[in-house]
Structures are given as structure tokens and as C-alpha cells.
Amino acid sequence: MDTEKSTAATTPDASLPTSKAASLNHHELSTEPKKDRAPVFVVVLCLFQSFSGLLFGWQSGVISGMINQVDYLERFGEPDPTATSGYSIPTTRQALITSFMGLGALFGSLAGGQMKVIGTKKATLVSLLIFMIGVAIETSCQHQWGQIIAARFISGFGIGAMSMLAPAFQAECSPRHLRGMITSTFQLACTLGIFLANVVNYNSRWYKGAMQWQIPASLSMIFAVLFALGIFFSPEAPRYHLGRGEIDLAAKSLSKLRALPIDDPELLAELDDMKAQVELEAQSADATYWDCFRSEDRMRLRTLIGIMVQAGQQWTGVNFFFSYGVKFFAASGITDSFKVQVILSAVNVICTFPGLWAVENLGRRKTLFIGSTIMFIGQIVAGALGTAYPDGKVAGKILIAFSCIFIAGWVVAAEQFPLKVAPYCVAFATGSNWLNNFVLAMITPYITDAGYGNLQAKITFIWAGAIVLFTGLVFFFVPETKGLSLIQVDELYHARVVAWRSADWKPFSDDPHSALKSEAMSHHEEAPKRALE
């Protein structure tokens with residue numbers, strides 16, 4: 001390789017007096033150990049990104065209580081002498097109101113990747129603005145239920161885009177030794193958002209008039225403003241500048257994020273690593289969505305696994321409890337269904353911690369099997385008791401307990417994809433998540449409501465059956481990838497190791513940190529072949 005050419009390509013023109021070669025040599029020859037740096041400013045900025053997860057959780061959880069508030073029913077429902085309040089929301093209307101947030105998020109998640117061309121910071125701000133517009137439209141609604149549907153679609157679009165952008169910013173900008181912890185806070189923030197929304201729903205029901213539902217709907221604006229402040233003070237992601245060839249700006253951004261001088265050898269080494277990753281990702285410019293389903297590298301199987309895992313997450317029934325829980329428990333004879341919803345969401349927050357620990361320490365397959373077993377038991381018992389004793393107080397308490405056990409078992413593991421097609425595979429998996437979210441939110445009222453399926457508590461048997469099917473798919477198709485690098489995951493699939501024996505498989509390459517180099521070599525070797533195809 002031409003040393004001068006390499007140095008010129010990676011060193012900022014005036015800001016970095018130390019060349020790439022010099023910085024690397026200094027970095028490699030230095031006997032002083034690397035220090036794990038965690039500037040408070042940077043950690044706080046990265047944690048602020050998790051507010052997008054909180055907004056997602058809030059929008060998912062708040063609707064369960066809103067559609068059961070008396071004033072909401074009177075404004076957007078129809079007279080119903082059989083209902084306690086005298087009003088109820090027709091099934092189709094309820095399905096549309098609940099599900100359109102997920103439909104908007106589907107389109108938002110697909111657009112989020114394209115929006116990154118203007119920079120992660122700007123794209124996140126635009127997404128947040130779209131979300132706030134949707135919330136404003138929803139809160140200002142008076143009697144037009146169509147306006148509520150449109151508003152939830154708009155806010156959902158912003159949520160979907162942020163769900164793609166914020167975790168990517170966290171993974172790139174957070175200190176390496178804290179990356180796992182910081183990115184995990186996104187999932188924690190989702191569960192916290194659901195919990196807070198249910199707490200607000202529980203307390204706002206005592207208000208009179210539109211405040212019953214306008215307060216829960218509008219309070220998310222406070223978190224949105226806090227999120228906006230965090231984004232405003234954040235630097236642009238260094239990789240965005242590197243992708244545009246702006247080495248100076250990338251170095252300044254990384255210097256701010258690491259609290260290191262701009263000519264620090266450690267900073268220059270990380271900048272070089274980022275540039276290598278950006279160059280490697282550029283190799284995927286000729287990739288298409290069709291590459292996700294090629295037989296090469298068993299991509300078809302790997303993409304379908306990602307789609308299946310995300311679909312399975314929805315079909316376990318967890319979002320049913322969060323979206324329709326208040327109505328479900330009220331129909332099961334429980335007097336204070338709002339309080340039960342608070343209990344469930346609190347358990348969800350608490351169980352996020354052991355869930356995250358289990359994925360990293362027990363492995364993905366064991367975690368999924370344990371979680372599936374607990375979920376299955378919870379769904380069967382909850383459905384059986386709710387059906388046999390729909391009005392029994394003791395049965396109601398047991399129903400709550402087993403529903404909590406169901407929430408405790410909800411853990412979802414993600415699959416890894418080759419870097420060259422990762423954006424497309426992730427798009428399919430994320431799209432599967434939001435599409436199934438929309439479909440289930442849309443069809444659930446027709447399954448449970450009187451006059452249609454009228455299954456009521458028996459719907460949990462459907463979720464139990466889906467859990468059995470999902471567990472079988474995991475056993476036969478989802479390999480154990482705990483502790484494996486991207487290259488080692490490729491080796492696992494190339495070796496055609498059956499999933500149930502994958503935990504005992506040993507990779508051919510023992511160095512997990514050689515992934516980037518090996519992947520880069522693979523791309524350079526494949527480039528001429530692809531050109532001839």
C-alpha cells in the first residue's frame with residue numbers, strides 16, 4: 001500500500017499534525033495502558049438518546065388507558081347502554097386508533113435509514129419534530145376520531161425513524177467500554193415509558209372532562225423537549241463526516257466525544273478504525289434488498305431468522321397487554337384494571353434487568369427457551385382462569401400474578417448479519433416488527449369483542465400457541481451466537497452447524513477482533529467477482 005496516499009486520506013489537513021502512520025506507531029509502541037475514559041458530558045449525551053425509547057414506550061402504553069377514559073369514550077365513541085359509562089368505541093374505530101401508531105412507525109423505520117444522509121443529528125431532530133406535530137394534533141382533537149388516527153400515524157412515523165437513528169448514534173458515539181450498557185438503556189427506556197404512561201393514566205382518570213386523556217397524551221412533549229436539548233448539544237456523529245470525506249470535522253467531533261486532544265494517538269487510532277469501517281460499509285453500495293435472500297452465505301435463512309424473531313416478539317402477546325390491557329382486565333372481572341396495568345408495566349421494567357443479563361451470560365437460545373416456558377405457562381393459566389372464573393375475585397388476583405410472570409419472560413434476542421448487507425437485513429427485521437405490531441393491534445378487537453370473535457380471555461390461548469410455534473422455530477433454526485464476532489457468525493453458518501448443537505461449536509478463527517480485517521479482505525476479494533457477474 002502507498003503510505004503517502006494512505007496518510008493523506010486519513011489525516012485532517014491542518015488540525016492533526018501527527019500523520020496516521022506516526023500516530024499508529026506511537027500507539028503501538030506505547031507501553032502505557034489504555035485508560036477507559038468516560039467523560040460525564042458524553043455519557044449524559046448518549047443517555048439522552050434513550051429518550052426516544054421512552055417516547056416509543058409512552059406511545060405504546062398510553063393508548064391502553066386513554067381509550068378507556070370516560071371523556072374519551074364520550075367524544076370518540078358511540079352511545080352504548082350496555083357499557084358502564086354509557087359509551088363505547090366501535091371495534092373498527094378502536095382498532096384503527098390503536099394500530100395506526102405501528103403503521104406509521106413501519107414507514108418511519110424504513111425512512112430512518114434514508115434520512116441519515118443529512119446526518120444522524122439532523123435526521124433525529126426532524127424525526128422528533130414530526131413526532132411532536134403528531135402529538136399536538138392528537139391533543140388538540142375535539143370530536144373527530146379520524147384526526148386521532150392521523151395524529152397517531154404521524155407520531156408513529158417519528159417514533160419509527162427515531163427507533164432506527166438513536167440506537168445507532170449511541171453505539172457509535174458512546175465510549176467503547178460503556179457501549180453495551182448505554183445501548184441497553186434504550187430497551188430499558190421503552191419499558192420505563194410504558195410504566196410512566198400507565199401511572200399517568202391511573203391518576204388522570206380522576207380529572208373531569210378532556211384533561212382525563214389530554215394530560216397523558218401531551219405529557220410526552222416534556223420528554224420530547226428534553227430529548228431535543230440533548231440532541232442540540234450533541235456533536236454530529238464522526239462517521240457521518242468521514243462518509244463525506246470531512247476528516248477535520250470527524251476528528252473534532254470525536255475529540256469532543258472522547259475528551260481527548262485532537263492529536264492524541266488513541267483518538268487517531270479510533271478515527272482510523274472508524275474510517276476503515278466506513279470504507280468497508282461503502283463496499284455495500286452495490287448491495288440490494290435481493291441480496292438478503294441469496295443462497296450465498298446462507299443469507300436467505302439468516303434474513304428469515306431476523307424476520308421470524310421480530311415477528312415472534314409481537315405474537316407472544318406482550319403488546320396485547322400493553323395496548324388493550326385495561327380493557328382486557330376489566331372484561332375479566334377485575335375492578336381496578338388501571339391499577340393492574342401499572343403493576344404489569346412495573347414488572348416489565350424490573351424484569352428488563354435480568355433479561356439483559358441473561359442474553360449476555362446465559363446465551364440467546366437458553367434465554368429464549370426459559371422466557372418462552374414462563375410465557376407459555378402465564379398465558380395458559382391467565383386464559384384458563386379468566387375463562388372459568390370471569391367474575392371471581394380470587395381468580396382475578398391469580399390472573400394478575402400469572403400475567404406478571406408472562407411479562408417477566410419477555411426477552412428478545414437479535415441476530416447478526418454480514419456488514420455488507422446488514423442495513424437491508426435490519427430493515428426487513430425492523431419492518432417485520434412494526435408490521436406485525438400493526439396487524440395484531442388491528443385484528444385483536446375483532447378477536448376479543450362481543451359481536452365478533454368474542455374470545456375475551458381465551459385470546460391468551462392464541463398467544464400460547466404462537467409461543468409454542470416460535471419456540472420450535474428457535475430450537476430448529478436460531479443458532480447460539482453469544483460471544484461470536486461477525487466473521488465467526490459467518491463461519492458458523494458456512495459450517496452448516498445445526499442450531500441445537502451450535503452452543504458447542506468452536507470457531508475456526510480464535511481472534512474475535514480480527515473480524516473487521518477478515519471482512520474487509522473478503523470484500524476486496526469478492527469485488528472483482530461481483531464485477532464479472
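Residues numbered from 1 in each chain as written. Predicted model: local features only at pLDDT ≥ 70, side-chain atom pairs only at ≥ 80, totals over all residues. Heavy atoms only, no water.

A. View of the overall build of the protein chain. When helices and strands are tallied, the protein chain shows 23 helices and two strands. The proportion of buried residues among the 533 residues of the protein chain is 51%. Across the protein chain, every contact between residues at least 6 apart in sequence was considered, and the portion connecting residues at least 24 apart equals 76%. A total accessible area of about 23,700 Å² is found for the protein chain, and carbon and sulfur atoms account for 65% of it. (Helix = DSSP H or I, 4+ residues; strand = E, 2+ residues; numbered from the N terminus. Buried < 20%, exposed > 50% of the residue type's maximum accessible area, 1.4 Å probe, protein only. Contact = heavy atoms within 4.5 Å. Areas by Shrake-Rupley, 256 points an atom, 1.4 Å probe, with all protein chains shown as cover.)

B. Broad picture of the pattern of salt bridges. Within this structure, the stated rule accounts for four salt bridges. A salt bridge links Arg 75 to Asp 71, with the shortest nitrogen-to-oxygen separation between them at 2.6 Å. Linking Arg 75 with Asp 71, this pair stays in helix α5 (residues 70–76), spanning four residues, or about one helical turn. In this pair, the class of Arg 75 matches that of Asp 71, namely buried. Between Arg 93 and Glu 78 there is a salt bridge; the shortest N-O distance is 3.0 Å. Of this pair, Arg 93 sits in helix α6 (residues 91–115) while Glu 78 is found in strand β1 (residues 78–79), placing the two residues 15 residues apart along the sequence. Residue Arg 93 is classed as buried on the basis of its relative accessible area of 12%. A residue is classified by how much of its surface remains accessible, and Glu 78, at 36% relative accessible area, is partly exposed. (Salt bridge = Lys/Arg side-chain N within 4 Å of Asp/Glu carboxyl O.)

C. Quick peek at the packing of aromatic side chains. Across all of its chains, the model carries 16 aromatic pairs by this definition. Both rings, one in Trp 58 and one in Phe 223, keep their centres 5.5 Å apart while their planes meet at 55 degrees; by these two values the pair is tilted. Within this pair, whereas Trp 58 is found in helix α4 (residues 51–66), its partner Phe 223 is found in helix α11 (residues 220–232), the two being separated by 165 residues in sequence. Overall, Phe 223 belongs to the buried group, its relative accessible area being 17%. Through pairs of rings, three or more aromatic residues link up here, namely Phe 100, Phe 107, Phe 153 and Phe 438. (Phe/Tyr/Trp six-rings, centres within 6.5 Å; stacked < 30°, edge-to-face > 60°.)

D. Region of interest: empty space enclosed by the protein. Applying the stated criterion across every chain yields a total of three cavities of 30 Å³ or more. In this model, the largest cavity occupies a volume close to 190 Å³. Along the walls of the largest cavity sit 19 residues, with Asn 319, Phe 320, Ser 323, Asn 437 and Ala 441 positioned nearest its centre. The element contributing the most residues to the lining of the largest cavity is helix α20 (residues 422–448), with five residues. Of the residues belonging to the lining of the largest cavity, the class tally is seven nonpolar, 11 polar and one charged. (1 Å grid on protein atoms, 1.4 Å probe; cavity = no way out; pocket = protein on both sides within 12 Å on 5 of 7 lines; lining within 4 Å. Points joined across faces, edges and corners; volume = space filled by probe spheres on them. Nonpolar A, V, L, I, M, F, W, Y, C, P; charged D, E, K, R; others polar.)

E. Helix α3 (residues 40–48), seen in detail. Among all positions in α3, only Val 42, Val 43, Leu 45 and Cys 46 are buried. One face of α3 carries all of its buried residues, which in axial projection span an arc of 160 degrees. (Arc of directions from axis to C-beta.)

F. Region of interest: the side chain of Ser 99. Looking at the secondary structure, you find Ser 99 in helix α6. In this structure Ser 99 comes out as buried when scored by relative accessible area, which is 0%. With residues up to four places along the chain from it excluded, the contact list for Ser 99 reads Phe 438, Ala 441 and Met 442.

G. Spatial organisation of the packing of helix α15 (residues 299–315) against helix α21 (residues 459–477). For the pair α15 and α21, the least separation of the axes is 10 Å and the interaxial angle reads 155 degrees. Here α21 runs roughly antiparallel to α15, going by the angle between their axes. In this structure, α15 crosses over α21, and the sense of that crossing is left-handed. On α21, the residues that touch Leu 301, Ile 305, Met 308, Val 309, Gly 312 and Trp 315 of α15 are Trp 463, Ala 466, Phe 470, Leu 473 and Phe 477. Split by residue class, the contact of α15 with α21 holds 10 nonpolar, one polar and no charged. (Axes fitted to C-alpha atoms, helices over the stretch in contact; angles between N-to-C directions. Parallel < 35°, antiparallel > 145°, perpendicular 65-115°, else oblique. Left-handed = near helix turned anticlockwise from the far one by under 90°.)

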